[in-house]
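# Observations on the three-dimensional arrangement
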Amino acid sequence: MQTMQERITEWTNFLFIYKFALDEIDTKLTILNEEFQFVHQHNPIEHIKSRIKSPDSIREKLERKGLEVTVENAREHIHDIAGIRVMCSFVSDIYKIFEIISNQDDLRVLRVKDYIKNPKENGYQSLHLIVEVPVFLSNRMEKVKVEIQIRTVAMDFWASLEHKIYYKFDKTVPKHLTDQLKETAEMVKYLDEKMKRLKDELEQFKEEDTSVDDVQPLL
Ligand code: 0O2
């Protein structure tokens, strides 16, 4: 039987490595964004947030899944202990980032949940990836799972507020409220599409404008 102190040490050691995994992915994404800006004059990532799931939240999730609260169960069944959220400018950027991540030799994509093509019943949209990243320690290498959530800033606005007001509320919410929530998710979708159209039209306008400027006078 473990003492309380032993348990705390075991969990602290267990969680420590997830921080290194997050640092690895965070660096990769930052480099990618800066390189993108340099090569294409466009940065697909607006901002990045990362977090290690709190021990309380890990316990709750294990209990929700009907599992005993142990380090082994957490390692095997909780895939978002290390979580990184990438906010993109446009939906097309989300899939660009996804493609680049999938082509990185040292990352293995274990699972993809596309809640953009198939939004959740409540309207939630986001692209979720579980990736495995190698972390090199002084005496060993460990492969660590990280959940990457990629979404637009508009989707993030919706998800953050929904998380505050509804998510994990375990009683049935009246239908008129869930209907309104879905309506707001539709607005987010509309906003993303409209911004994308605006961007495309503006780019075309800029191109046409410079092509007129480029015409050399005859005399
Ligand atoms: P928290 O408090 O945000 O950490 P799995 O066991 O992996 O198959 P899981 O973990 O439910 O099942 O997978 P999924 O669907 O990929 O969801 C993982 C995370 O996405 C959640 O973590 C939330 O952060 C977010 N998420 C999923 N659905 C919703 C939603 O409807 N609304 C909002 N706002 N966020 C959502 P946690 O641990 O559930 O919660």
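Cut-offs and rules
Residues numbered from 1 in each chain as written. Predicted model: local features only at pLDDT ≥ 70, side-chain atom pairs only at ≥ 80, totals over all residues. UniProt positions renumbered as here; feature names shortened; annotations may be inferred. Helix = DSSP H or I, 4+ residues; strand = E, 2+ residues; numbered from the N terminus. Rg over C-alpha atoms; globule rule 2.2 N^0.38 Å. Buried ≥ 20, exposed ≤ 12 C-beta atoms within 10 Å, placed from the backbone. Pairing = 2+ DSSP bridges. Axes fitted to C-alpha atoms, helices over the stretch in contact; angles between N-to-C directions. Near = placed C-beta within 6 Å.

Looking at an unreviewed UniProt entry, one finds the protein named GTP pyrophosphokinase family protein, with Ectobacillus antri as its source organism. On record in UniProt, under Pathway (unreviewed entry), the comment for the protein is "Purine metabolism; ppGpp biosynthesis; ppGpp from GTP: step 1/2."

What follows is about the overall build of the protein. Looking only at helices and strands, one finds six helices and five strands in the protein. Relative to a compact globule of 219 residues, whose C-alpha radius of gyration would be 17 Å, the protein shows 22 Å and is clearly more extended. The principal-axis extents of the C-alpha atoms in the protein amount to approximately 90 × 55 × 25 Å. Residues classed as buried in the protein amount to 21% of the 219 residues present.

With that settled, consider the sheet that holds strand 3 (residues 108-114). Across the sheet, which stays open at both edges, the five strands sit in the order 1-2-5-4-3 with mixed pairing between neighbours. Across the chains shown, the open sheet's two edge strands, defined by having one partner strand only, are strand 1 (45-52) and strand 3. Taken over all neighbouring pairs, the strand axes of this sheet differ in orientation by 25° on average, direction set aside. Two strands pair when backbone bridges link them, and strand 4 (residues 127-136) and strand 5 (residues 141-152) are joined in this way by ten bridges, in the antiparallel orientation. Note that in strand 5 the partner of Pro 134 across the bridge is Lys 143.

Taken together, 13 residues sit near the ligand, with Tyr 124, His 128, Ala 159, Glu 162 and His 163 positioned nearest. If you list the elements that add at least two residues to the shell around the ligand, you get helix 2 (55-64) and helix 5 (153-165).

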